[in-house]
Number of protein chains: 4
Amino acid sequence: MIRAGIYGATGYTGIELARLLDQHPRVTTVFATARSAAGQRLSDVFPTTLDLPLIAAEEADLSQVDVVFCCLPHGTTVPTVQQALAAGVRVVDLSADFRLRRAEEYERWYGSTHSAPHLLETAVYGLPEVYREDIAQAQLVANPGCYPTSVILPLLPLVRANLLADATVIADSKSGISGAGRSLSLKTHFSETHENFSAYNIGRSHRHIAEMDQETGLSVIFSPHLLPVVRGILSTLYITLLPDTPAARVHEVYATMFADEPFVTVLPDGRLPELRHVVGNNQCVIGIKPVALAPERCIVVSVIDNLLKGASGQAVQNMNIMFGLEETLGLL
Amino acid sequence: MIRAGIYGATGYTGIELARLLDQHPRVTTVFATARSAAGQRLSDVFPTTLDLPLIAAEEADLSQVDVVFCCLPHGTTVPTVQQALAAGVRVVDLSADFRLRRAEEYERWYGSTHSAPHLLETAVYGLPEVYREDIAQAQLVANPGCYPTSVILPLLPLVRANLLADATVIADSKSGISGAGRSLSLKTHFSETHENFSAYNIGRSHRHIAEMDQETGLSVIFSPHLLPVVRGILSTLYITLLPDTPAARVHEVYATMFADEPFVTVLPDGRLPELRHVVGNNQCVIGIKPVALAPERCIVVSVIDNLLKGASGQAVQNMNIMFGLEETLGLL
Amino acid sequence: MIRAGIYGATGYTGIELARLLDQHPRVTTVFATARSAAGQRLSDVFPTTLDLPLIAAEEADLSQVDVVFCCLPHGTTVPTVQQALAAGVRVVDLSADFRLRRAEEYERWYGSTHSAPHLLETAVYGLPEVYREDIAQAQLVANPGCYPTSVILPLLPLVRANLLADATVIADSKSGISGAGRSLSLKTHFSETHENFSAYNIGRSHRHIAEMDQETGLSVIFSPHLLPVVRGILSTLYITLLPDTPAARVHEVYATMFADEPFVTVLPDGRLPELRHVVGNNQCVIGIKPVALAPERCIVVSVIDNLLKGASGQAVQNMNIMFGLEETLGLL
Amino acid sequence: MIRAGIYGATGYTGIELARLLDQHPRVTTVFATARSAAGQRLSDVFPTTLDLPLIAAEEADLSQVDVVFCCLPHGTTVPTVQQALAAGVRVVDLSADFRLRRAEEYERWYGSTHSAPHLLETAVYGLPEVYREDIAQAQLVANPGCYPTSVILPLLPLVRANLLADATVIADSKSGISGAGRSLSLKTHFSETHENFSAYNIGRSHRHIAEMDQETGLSVIFSPHLLPVVRGILSTLYITLLPDTPAARVHEVYATMFADEPFVTVLPDGRLPELRHVVGNNQCVIGIKPVALAPERCIVVSVIDNLLKGASGQAVQNMNIMFGLEETLGLL
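In this text, all values refer to a predicted model and were calculated from it rather than measured experimentally.

Thresholds, definitions, all that
- Residues numbered from 1 in each chain as written.
- Chains lettered and ligands numbered in written order.
- Predicted model: local features only at pLDDT ≥ 70, side-chain atom pairs only at ≥ 80, totals over all residues.
- Heavy atoms only, no water.
- Least-squares fit on C-alpha atoms with pLDDT ≥ 70 in both.
- Helix = DSSP H or I, 4+ residues; strand = E, 2+ residues; numbered from the N terminus.
- Buried < 20%, exposed > 50% of the residue type's maximum accessible area, 1.4 Å probe, protein only.
- Pairing = 2+ DSSP bridges.
- Contact = heavy atoms within 4.5 Å.
- Buried area = accessible area lost by both parts, 1.4 Å probe.
- Salt bridge = Lys/Arg side-chain N within 4 Å of Asp/Glu carboxyl O.
- Polar contact = N/O pair within 3.5 Å; in protein donor to acceptor, adjacent residues only side chain to side chain.
- Nonpolar A, V, L, I, M, F, W, Y, C, P; charged D, E, K, R; others polar.
- 1 Å grid on protein atoms, 1.4 Å probe; cavity = no way out; pocket = protein on both sides within 12 Å on 5 of 7 lines; lining within 4 Å.
- Points joined across faces, edges and corners; volume = space filled by probe spheres on them.

Quick look at the relation of the copies chain A and chain D
(1) Moving on: In the superposition of chain A on chain D (RMSD 0.0 Å, axial shift 0.0 Å), the rotation amounts to 180 degrees. Here the symmetry operator amounts to a two-fold rotation axis.

Have a look at this one:
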């Protein structure tokens, strides 16, 4: 059995991870930490079948685990990650702290100097469809952001095949409210949010753009919107193809890249994905639609569950790869 | 024009009141107070057509108004109400502070001594269908609670006609989440509430029972539940009638009491009210259903909009009565 | 491997069953039937991982299966069930057709003569917490209704311990809209239902009362309400206990009956269940609340997922028992 | 008093219109027609304060009205409109039948020959912000589509000022489900729609594009999405401006065009509109956002209530103009 620990178990990604690890046939969860809820049990905080005591992070015994998942807030994970690595424990970090390769980019988007820039070089961006081999060897995996997962996967086949006429791509994304986390705010207060819908951080101001640009080499105009559902992201991508790119060629590059991927499904021509196709599972489902009378324009729609393929599901997928397990174990 | 002031304009009842007063043909809103939002404008806090500056309560000029509406938290209104009354300004208080006639009852349910017990004697319980004449003369009207309005109105016809065999009555009530206010809590956090439903404060522990018992003379077993909608209360009442009470007699006592009431509608036999019948209007709609094979059992279902007939709409109805206006003015 | 067939796979219980059987380690689903969708695949009808072709019922080869699940509409299952039994295939029927023991009761509540009254005698009511031994031997299991499961389980401990002072019990139940099925109607049209809430079939007119009365020996005043969520039932039960029944005794009878039950959880004193505790799992969670100042009154709140413990989850639990498997297999 | 008739009063636009006319101080609604519900009353079909009998269209007495509103399905209105015009009654048509100026365009997008092409020449496109003077004189006003209203209004200032570098514009629109009408379908079935989100008819296949292109002179890539709320449309527009267009100039052209418009609000720099700003009112609210580091790219977000500014509210606004009333009468 792989022995795992969870740092920050009482946020939505932590809770989802606890649930996934509990049903994973090859994992035992040894500890779960929390800040304000330390001393309670996980089931006091949230209904769950995995009823661990919640301990303070300092009480975590790293000698008892093979891997830790960090579900801590952005900007706070470096000491925990360093401690784990020093103890020989492999790390899957779900924060944004190790996703960017260059410390300058981190500083530019996150507004502060990175305190362990050398780790950025060794960290592997945890998108298995791209970095599977590196993940298998990695000590530190930086689990991708939820929005970036929904944007990068459907862009990469076109990028790799050099089919884009314009490096500027529009990603109009709509996310369920669990993506905003479990911290209280009027923006996530039921009576302000239900029967509402809004855009926020548009105009290339959202930090997730850094990952999208890094992984695609494009310049993504990313517009996030807040959808009155709990889970799920749907991204609508607007792409300009090279003139005279046949529709069949577009489908072909998707089929080629994702043919053997267990967690990416490309829909047949004319079908579009819906949120409910993926809520509760680890799939990314992609639909492709040419634009009538404007053949060089192409619209691609992708959906993921922000807490699964967009966070904790992908983290377990990464762990499976790191420990040589079947990649889908505990995720189907 | 009647000149009005609003204390506590940034909670949901305050915002709704501002909206109602803005569209009222005979009212000018002179001031609106807020605590933390003082210095901003009402439209900064919430989308609204009435764009008043928000002032601190101490800055309110009582010499400029004929009436004030207090939308302050329970237990905090006494000084404000006393100040207004001393300035000769009439008051509609939307808190629970003046709804109970006896200070002992207040102390029993609210857990602290009432600081102005003499005001309890002069305050009029603002249920127009019962106290219309007293409200017309009142300096201080205690606007009823939302749940009590939905429970008292459908019980009174049976109480007055002495048709009840049992003074214990069950009220199973379901309320939209705006009833929990605009303060942040996990209980009103979208991702914890959407697709959820729960009972709370059951077993005669909710404070609103004090009003229900006081106004009906019964002992109400009241079970509130939190409904994943923004607005509306539906109460299902379980009543034991005197043996051999004909169904027609039950309908008759409702028809008699509410025949001329502009804001109470009794549905014809066999029809039941739904939340959407009242969301956005000031009606209380009531449906009556005898129980097959158990003729002495009767189920009554009532619906109101918790922010209108359950709070700000009823407050405006009370103001109309206090100032001799047509009771429905600004409410249709 | 147990070989299973599903009749009526495209309604919500059928779809949920297909999903459960797909992830069950000891079951292979051999066929799935549909009426209007015959010829399509299950994944054309609904997003799912179990991608079976949909065949007409007449094409089903009963020689290939050990068990069939009937998810057909009430009043239509007798021929299918008879055919399966004649072929030596065991049956779990999710309709209401075999739940009542006496043909007269069936006729009274369903308004038509039962066409196979002899089967009513051999059918076992599929509530494992009550009839586990009989289910193990049964050829035909009548899977309980969703509402009855949520009402019978929390009543039985009190009934068995003879703690009730009154045989009339009130069950105020609230159900998610998937309980109304996949057939189209204005009552399940999004724009009529969202932000709405209503009671229906109250006053002892709902057919599920027949099961409740049969299994408890009580007379249940059952009031169903339509909740604007997809899944889940919460039932609030109002019970009159014998005078001087200690609260501890009440908890004791629940603890005794459900101590070893894998799918019934009784909450500790003072805690109440919420819908989200059970949505997606096969649990029935029960909370008990005495009424202050009225010790003989007791309120019990139960929650289930109407499609799991209320339908397809319980059906799989029954199948596990019938075939001697661990009762929780494929359900955790 | 203006005497009005409503054809097709039981769809969502008809019901909303009945409500608006009922509260309009200068209108009496003389008749309301329905097909299947003829013989019932409007309040039997939907909770409403305007309790008209529903008559068959043939029974409508055109000699009793000054204006009729046609809320009939697309492709069916020509005979009714011709009859009304022949009787000297002015018409506001809420269908798509008279919105396109050229019969060829109608045929191209709607797939059938227009049966009264001469009426297309006299019909006025009922967007008051553009055609106010023509509307005042019109016998036949073609009320704009909901999506086109949300897309055309925020594009026109830039078009008129010749600030666009590219005639291809992207409109990513999200609409509440009432926009899909009151007819039953799985796409509007609660359990399929709640907690779901999807794109449909993308790739320049939605018929509303015809209006958008006609009124803007652009080629709009329009992607509609189905939002799990009842009311409201939010459109996110992606525009390429001429190089070196100052942000201030963009704001200026919006301010200039909409300065005196009672029902268009342009937000100050940095603020974005939300659905709840407009649900229940007749406003179109617009926010403008330049794209960091890509100054020629501009994102504009607009919101309307699809049943008000997107349909029945705009129809009343048009009627007010046609009859020389204050444009906002009955709409504030």
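Notes on the environment of Ser36(B)
(1) Moving on: For Ser36(B), the position within the fold is in the loop between β2 (27-33) and α2 (42-45).
(2) Moving on: Taking C-alpha positions, Ser36(B) is 50 Å from Leu163(B), a pair spaced 127 residues apart along the chain.

Topic: unusual backbone geometry
(1) Moving on: For Asp244(C), which is not glycine, the phi torsion reads 65 degrees and is therefore positive.
(2) Moving on: With respect to the helices, strands and loops of the structure, Asp244(C) is situated in the loop between β11 (233-240) and α10 (247-258).
(3) Moving on: Assessed through its relative accessible area of 78%, Asp244(C) is described here as exposed.
(4) Moving on: Residues other than glycine seldom take positive phi values, yet Glu195(D) does so here, at roughly 60 degrees.
(5) Moving on: Mapped onto the elements, Glu195(D) comes out in the loop between α8 (190-193) and β9 (198-199).
(6) Moving on: The class for Glu195(D) is buried, based on a relative accessible area of 16%.

What to know about the pairing of strand β13 (residues 284-290) of chain D
All names here are of chain D.
(1) Moving on: With 5 of 7 residues buried, β13 is to be regarded as a mostly interior element.
(2) Moving on: One ladder, built from 3 bridges, connects strand β12 (residues 264-266) with β13; its direction is parallel. The partner of Thr265 across the bridge, within β13, is Val285.
(3) Moving on: Bridge count for β13 against strand β14 (residues 297-304) is 6 bridges, and the pairing is antiparallel. Residue pairing for β14: Lys289 is matched across the bridge by Ile299.

Quick word on the relation of the copies chain C and chain A
(1) Moving on: The two copies are related by a screw operation: chain C maps onto chain A through 180 degrees of rotation and 0.0 Å of translation along the axis, at an RMSD of 0.0 Å.
(2) Moving on: A symmetric contact is evident, with 100% of the interface residues of chain C recurring at the interface of chain A.

Here's the deal with the interface of chain A and chain D
(1) Moving on: Between chain A and chain D, the contact holds 40 residues from the first and 40 residues from the second.
(2) Moving on: Ranking the residues of chain A by area buried against chain D places Glu195(A), Phe197(A) and Ile202(A) at the top, with a combined share of 17%.
(3) Moving on: Where Glu192(A) meets Arg276(D), a salt bridge forms, and the shortest distance between an N and an O atom there is 2.9 Å.
(4) Moving on: Summed over the shared surface of chain A and chain D, the number is 22 residue pairs in polar contact (both at pLDDT 80 or more).
(5) Moving on: Counting only elements with at least two residues in the side of chain A that touches chain D, the list comes to β8 (168-175), β9 (198-199), β10 (219-226), β11 (233-240), β13 (284-290) and β14 (297-304) of chain A.
(6) Moving on: Sort the elements by how many residues they give to the side of chain A that touches chain D and β8(A) lands first, with 4 residues.
(7) Moving on: Broken down by class, the residue content of the side of chain A that touches chain D amounts to 21 nonpolar, 7 polar and 12 charged.

Some words on the pattern of salt bridges
Residue and element names in this part refer to chain A.
(1) Moving on: As enumerated under the stated definition, the model contains 81 salt bridges over all chains in all.
(2) Moving on: Between Glu261 and Arg132 there is a salt bridge; the shortest N-O distance is 2.6 Å. Of this pair, Glu261 sits in the loop between α10 (247-258) and β12 (264-266) while Arg132 sits in helix α6 (residues 128-137), and the two are 129 residues apart along the sequence.
(3) Moving on: Using a relative accessible area of 11% as the deciding quantity, one classes Glu261 as buried.
(4) Moving on: Look at Arg132 and you get partly exposed, because its relative accessible area is 23%.

Brief notes about empty space enclosed by the protein
(1) Moving on: Scanning all chains against the criterion turns up 1 cavity of 30 Å³ or more.
(2) Moving on: Roughly 30 Å³ of internal volume is contained in the largest cavity.
(3) Moving on: What lines the largest cavity is simply Tyr238(A), Ile239(A), Val291(A), Arg297(A), Cys298(A), Ile299(A), Ile170(D) and Ile221(D).
(4) Moving on: Every element with two or more residues in the lining of the largest cavity is listed here: β11 and β14 of chain A.
(5) Moving on: Examining the composition of the lining of the largest cavity, we find that 3 residues originate from one element, β14(A), more than from any other.

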